[in-house]
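Topology and contacts: notes
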Amino acid sequence: MSMRLDGKTAIITGGAGGIGWAAATLFLEQGARVVVADYNEAAGMQRIASLDPKLQGQARFIAVDVSSEEQVEAMAHAALAWLGAIDILVNNAGITRDAMLSRMTTEQWKQVLDVNLSGVYYCTKHVSPHMAARGKGKIINTSSIVGVQGNLGQTNYAAAKAGVIGMTRTWAKELGYKGVCVNAVAPGFIATDMVASMPEQAIAAMSERVPLRRLGQPEDVAQAYLYLASDAADYVNGTVLEVNGGLSI
Ligand code: NAI
């Protein structure tokens, strides 16, 4: 079975960001048509304009704040109208609002839960019925090593990313018999804007702890998404694929 995505269609949330865009370009190169769903319209449009002209017609940007159920519903309708059918949903949008517990504000707590947990719920809620009705589909949720191990200053993020694993396993059970596979990817520390905002010293210390002695690249995670999105993973359901250079061992 192939890892190519010829003739398939995908929605990638957070598609204008580091990992999401690496996934969008990889999926396009592998033959898919892709909706880049993100709330950063300027970045999304710029990314699509930067594509090889041969691929530009295969990608479309749709603006959405995944923390708004109303906007997610509208995005799902617009995506379906353009794509015709939805084979793949990658719930990749995410934010951080870090603070130690003693300093974390309720607003920081809520913002991260709204995007990283509720956003995944809303997108799956509004896309999965279409997949179930067709009897096939792949849903890939982005968790994090932090959802498994916790991390200083990330109460909100760890809670959301652990919740994503719980939802992934629940949906794998609820949707599996309808032909829809639901899996998660748990990246370690990946060199995107999200990590670039950390102090340089912290990044160097982090790399030292990784058995492969480097941060991951967005493409490393995109390849894991591709595998789980492809026919090659047709019997993989409810798993959490760690992409962290061995950091968790
Ligand atoms: P990034 O910051 O480069 O990209 C995130 C994208 O999500 C951005 O384009 C942003 O505009 C979009 N986004 C944020 N809030 C949104 C909302 N409410 N609605 C729609 N779009 C929204 O971050 P990165 O690193 O590419 O992260 C992608 C995913 O990978 C996230 O879920 C993140 O939590 C996860 N992750 C990242 C790790 C890393 O080390 N970079 C490690 C583990 C997980």
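Residues numbered from 1 in each chain as written. Predicted model: local features only at pLDDT ≥ 70, side-chain atom pairs only at ≥ 80, totals over all residues. Heavy atoms only, no water.

**Some thoughts on the overall build of the protein**
Our working definition: Labels follow the DSSP assignment, with helices taken as runs of H or I lasting at least four residues and strands as runs of E lasting at least two, numbered in each case from the N terminus. Put simply, the radius of gyration uses C-alpha atoms, and a globule should come to 2.2 Å times the residue count raised to 0.38. Should any heavy atoms of two residues lie within 4.5 Å, those residues are counted as being in contact. For every accessible area listed, the method is Shrake-Rupley and the probe measures 1.4 Å; residues are considered covered only by the protein chains on display. For the purpose of charge, His is not counted, nor are the chain termini; Lys and Arg are scored as positive and Asp and Glu as negative. Where a charge lies is defined by one atom per residue type: Lys uses NZ, Arg uses CZ, Asp uses CG and Glu uses CD.
Of regular secondary structure, the protein possesses 10 helices and seven strands. For the protein, whose C-alpha radius of gyration is 17 Å, the value lies close to the compact-globule estimate of 18 Å for 249 residues. C-alpha atoms of the protein, sized along the principal axes, occupy 45 × 35 × 35 Å. Of all intrachain contacts in the protein linking residues separated by at least 6 positions in sequence, the fraction that spans at least 24 positions is 74%. Carbon together with sulfur atoms contributes 52% to the accessible area of the protein, which is approximately 11500 Å² in total. Distance from the positive charge centre (20 side chains) to the negative charge centre (22 side chains) of the protein: 5 Å.

**Re the UniProt feature "domain: Ketoreductase" (unreviewed entry) in the protein**
As a reminder, the rule being used: UniProt positions are given in the numbering used here, feature names are shortened, and annotations may be inferred rather than shown by experiment.
UniProt records the feature "domain: Ketoreductase" (unreviewed entry) for residues 8–188 in the present numbering. Helix makes up 52% of residues 8–188 and strand 19%, whereas the separation of the span's terminal C-alpha atoms amounts to 28 Å.

**As for the site of the ligand**
Going by this rule: Note on definitions. A residue lies near a molecule or strand when any single heavy atom of the residue is within 4 Å of it. The term polar contact refers here to a pair of N or O atoms within 3.5 Å; inside protein, the definition further demands a hydrogen-donor-capable atom paired with an acceptor-capable atom, and it admits residues adjacent in sequence only when both atoms are side-chain atoms. Two kinds of site are reported from a 1 Å grid over the protein atoms alone, namely cavities, where a 1.4 Å probe fits but cannot get out, and pockets, open sets with protein on both sides within 12 Å along at least five of seven lines, and residues are called lining when an atom falls within 4 Å of a point. To be counted as sitting in a cavity or pocket, a molecule needs more than half of its atoms within 2 Å of that site's grid points. Classes in brief: Ala, Val, Leu, Ile, Met, Phe, Trp, Tyr, Cys and Pro nonpolar; Asp, Glu, Lys and Arg charged; the others, Gly included, polar.
For the ligand, the set of nearby residues contains 28 residues, the closest of which are Ile 19, Asp 38, Tyr 157, Ile 190 and Thr 192. Taking Lys 161, its side chain carries an N or O atom lying 2.9 Å from an oxygen atom of the ligand. With the chains in place, 93% of the 820 Å² that the ligand exposes on its own is no longer accessible. With respect to the pocket detection grid, the ligand is positioned in the largest pocket. Going through the elements one at a time, α1 (18–29), α7 (155–175) and α8 (193–196) are the ones with two or more residues in the shell around the ligand. Classifying every residue of the shell around the ligand gives 14 nonpolar, 11 polar and three charged.

**Describing the nonpolar core**
Put simply, the rule reads: Only buried Ala, Val, Leu, Ile, Met, Phe, Trp, Tyr and Cys residues count toward a nonpolar core, and they belong to the same one when joined by side-chain atoms within 4.5 Å. We call a residue buried when its accessible area falls under 20% of the maximum for its residue type, exposed when it is over 50%, and partly exposed in between, using a 1.4 Å probe and counting protein chains only.
The biggest cluster of nonpolar side chains holds 44 residues, and the ones touching the most others in it are Ile 11, Val 35, Met 75 and Phe 189. Elements supplying a minimum of two residues to this core: β2 (33–38), α4 (69–83), α5 (106–134), α6 (145–149), α7, β6 (180–187) and α9 (200–209). Sequence-distant contacts of Ile 11, defined by excluding residues within four places in its chain, comprise Val 35, Ala 37, Met 75, Ala 79, Leu 83, Ile 86, Ile 88, Leu 89, Val 90 and Val 127. Ranked by size, the runner-up nonpolar core spans 33 residues in total, among them Ala 24, Leu 28, Tyr 225 and Ala 229.

**Thoughts on the packing of aromatic side chains**
Worth spelling out the cut-off: We call Phe, Tyr and Trp rings a pair once their centres come within 6.5 Å, taking the six-membered ring for Trp, and we label the pair stacked below 30 degrees between planes, edge-to-face above 60, and tilted otherwise.
Taken as a whole, this structure holds one aromatic pair when the rule is applied. Centre to centre, the rings of Tyr 121 and Tyr 122 are 5.7 Å apart; their planes meet at 55°, and the pair counts as tilted.

**Some thoughts on the state of the cysteines**
Basically, it comes down to this: Criterion for a disulfide: a pair of cysteine sulfur atoms at a distance within 2.5 Å.
One pass over the structure, following the stated rule, counts zero disulfides. In this structure Cys 123 is a free cysteine whose sulfur lies 19 Å from that of Cys 181, the closest cysteine sulfur available. Residue Cys 123 is classed as buried on the basis of its relative accessible area, which comes to 1%. Classification of Cys 181 by relative accessible area gives buried; the value is 10%.

**Looking at the pattern of salt bridges**
Note the following rule: Between Lys or Arg on one side and Asp or Glu on the other, a salt bridge is scored when a side-chain nitrogen of the former is within 4 Å of a carboxyl oxygen of the latter.
Tallying each qualifying case throughout the model produces five salt bridges. Linking Lys 8 and Asp 231 is a salt bridge whose minimum nitrogen-to-oxygen distance equals 3.1 Å. You can see Lys 8 sitting in the segment before β1 (9–13) and its partner Asp 231 sitting in the loop between α10 (218–229) and β7 (240–243), a full 223 residues away along the chain. As a salt-bridge pair, Asp 87 and Arg 134 come within 3.0 Å of each other at their nearest N and O atoms. Of this pair, Asp 87 sits in the loop between α4 and β4 (88–91) while Arg 134 sits in helix α5; the two residues are 47 residues apart in sequence, bridging distant segments of the chain.

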